[in-house]
Amino acid sequence: MRIVRYSHDETIRYGIIDEKEVVELAGDPLFAGFDTTGKRIPVGEITLLAPSIPRSKIVCIGKNYRDHAAEMGGEAPTEPLLFLKPNTAVIGPNDAIVRPPQSERTDFEGELAVVIGRVAKNVPAESALDYVFGYTIGNDVTARDLQRSDGQWARAKGFDTFCPLGPAIETEFDLTGGARVVTRVNGEVRQDGPISDMVHSVPEIIAYASAAFTLLPGDVILTGTPAGIGAFDAGDVIEVEISGLGILRNPARNA
Ligand code: MG
């Protein structure tokens, strides 16, 4: 099932989408289930929005692919390296990523995103996937120069618009199905890595993070980026594609 959040006729709703139409849901599926209103809307009439606006946090994992850790000049950490993005960084498909004037180098990082569906605290890895609502695509946009100069990552990773999410939440995504994270800038492939190359798996990440802080429904986990990260400029179009999840496309502009 593909769940989208969208605007139509000046209202924001959730729906179940296929190639042709959206079936409108009565409420937020994370909290109210999948009851439909019966209304069907052609896909061409809706505007897609970020499929989840986390109530509390976006949990991110740094250096979770060995080839990316190597390109950053180090090794992958033996335990997941956690950091947070504020929920104010979230934008949806086709929204502009705004390059802030404080940074001279703004990078894309295509990533698999996990949407949490149940309150999770001290969850063992063996049952961690029971707490997942579904999967979408994220772009962990980073002001690379500020990441280095600030000494920690809150500002460099947390600017408004630095967390594109979408286009939909797939509830039946197969983590072992050979999916790849492919990032293109203006159509040119810059990242292409299999999610099976993750150092710490999705269940391990949920177990590790939930041992530190409670994960809430709607929270999003960005699971790390493969090699090939790089800068983009105003006017560029960044696409992150994961087979089975679609394409997250965002243009970039300067503030
Ligand atoms: Mg990242």
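Residues numbered from 1 in each chain as written. Predicted model: local features only at pLDDT ≥ 70, side-chain atom pairs only at ≥ 80, totals over all residues. Heavy atoms only, no water.

Undergrad: Could you give me a rundown of the pattern of salt bridges, with the residues and numbers involved?
TA: Inspection of every chain in the model, using the stated rule, returns 16 salt bridges. Between Arg-99 and Asp-233 there is a salt bridge, and its shortest N-O distance comes to 4.0 Å. Within this pair, whereas Arg-99 is found in strand 9 (residues 97-99), its partner Asp-233 is found in the loop between strand 18 (230-231) and strand 19 (237-242), the two being separated by 134 residues in sequence. For the salt bridge of Asp-140 with Lys-157, the shortest nitrogen-to-oxygen distance reads 2.9 Å. With Asp-140 in the loop between strand 12 (132-139) and strand 13 (142-143) and Lys-157 in helix 4 (residues 154-158), this residue pair connects regions lying 17 residues apart in the sequence. The pair formed by Asp-140 and Lys-157 is uniform in burial state, with each residue classed as buried. Three or more residues are tied together by salt bridges with common partners; here these are Lys-85, Arg-105, Asp-107, Glu-109, Asp-140, Arg-144 and Lys-157. (Salt bridge = Lys/Arg side-chain N within 4 Å of Asp/Glu carboxyl O. Helix = DSSP H or I, 4+ residues; strand = E, 2+ residues; numbered from the N terminus. Buried < 20%, exposed > 50% of the residue type's maximum accessible area, 1.4 Å probe, protein only.)

Undergrad: Summarise the sheet that holds strand 13; cite the residues concerned and give the values.
TA: Strand order in the open sheet made by the three strands is 13-10-18, with antiparallel pairing throughout. Pairing within the sheet leaves two strands with one partner each, and these edge strands are strand 13 and strand 18. Pairing of strand 10 (residues 106-108) with strand 13 involves two bridges; the strand directions are antiparallel. Bridge pairing links Thr-106 to Ala-143 in strand 13. (Pairing = 2+ DSSP bridges.)

Undergrad: With reference to specific residues and values, describe the packing of aromatic side chains.
TA: Across all of its chains, the model carries four aromatic pairs by this definition. Seen from their ring centres, Tyr-135 and Phe-173 are 5.4 Å apart, and the 50° between their planes marks the pair as tilted. With a gap of 38 residues between them, Tyr-135 in strand 12 and Phe-173 in the loop between strand 14 (163-170) and strand 15 (180-185) connect regions that are remote in the sequence. Neither residue differs from the other here; Tyr-135 and Phe-173 are each classed as buried. Taken together, a centroid distance of 5.2 Å and an interplanar angle of 55° make the contact between Phe-159 and Phe-162 tilted. For Phe-162, a relative accessible area of 0% translates into the label buried. (Phe/Tyr/Trp six-rings, centres within 6.5 Å; stacked < 30°, edge-to-face > 60°.)

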